[in-house]
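Listed below, chain by chain, are the residues.
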Amino acid sequence: TSSRLDKEKDRASQRKERDEKRKKRDKQLANSSKSKKKKSSKPKLSQEERDAKDSKLGCWHKTKQILVKTVHLIDAAIGLTFLIYGCLINAEFANPAMDAVIA
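Everything numeric in this text was worked out from a predicted model, so none of it was measured.

Undergrad: How do you make sense of the overall build of the protein chain when you look at a structure like this?
TA: A count of helices and strands for the protein chain gives four helices and zero strands. Going from the N terminus to the C terminus, the protein chain shows its helices and strands as α-α-α-α. Across the 103 residues that make up the protein chain, the buried fraction comes to 3%. For the protein chain, the exposed surface amounts to about 10,100 Å²; the carbon and sulfur share of it is 59%.

Undergrad: Any chance you could explain the confidence of the model for the protein chain here in plain terms?
TA: Any residue range with low pLDDT should be treated as having predicted coordinates unsuitable for detailed reading. Scored by pLDDT, the protein chain has a mean of 82; 83% of the residues are at 70 or more. Predicted confidence in the protein chain is weakest over helix 4 (residues 96-102), with a mean pLDDT of 71, and strongest over helix 3 (residues 58-92), with 89.

So, how was this worked out
Residue numbers here run from 1 along each chain, matching the order of that chain's written sequence. Reporting in this predicted model follows two pLDDT cut-offs: at least 70 for local features of residues, and 80 or more for side-chain atom pairs to be given and counted; totals over whole chains, interfaces and linings ignore these cut-offs and use all residues. Values reported for side chains reflect all heavy atoms of the structure, with hydrogen atoms and water molecules removed beforehand. Labels follow the DSSP assignment, with helices taken as runs of H or I lasting at least four residues and strands as runs of E lasting at least two, numbered in each case from the N terminus. Exposure is judged per residue with a 1.4 Å probe applied to protein chains only, and the accessible area is read against the type maximum: over 50% gives exposed, under 20% gives buried, and values in between give partly exposed. In this description, accessible areas are obtained by the Shrake-Rupley approach with a 1.4 Å probe, and a residue is regarded as covered only by the protein chains that are shown. In predicted models, pLDDT denotes the confidence assigned by the predictor to each residue on a 0 to 100 scale.

Quick look at the structure:
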């Protein structure tokens, strides 16, 4: 258990170091973009801004859900159709396999 606690402390310190480096890098990017005028139309965004932008894509998630549900409904309808067709062939003919091929 003590090694587990040590590992958790190490991970927490590594996470903190990464966050500090990210903030420092974002500051440097902000300072360099102010000092240099770039011709690109899109300014570089910080990690938090990129995460916020990515979280706003929820409408596409909803669209994907609706598409998948529609495909499932179509698949179920086709399966039900073939099941009913098979039952009708079985009830109609004495030897369903041969008679269905001939018909």
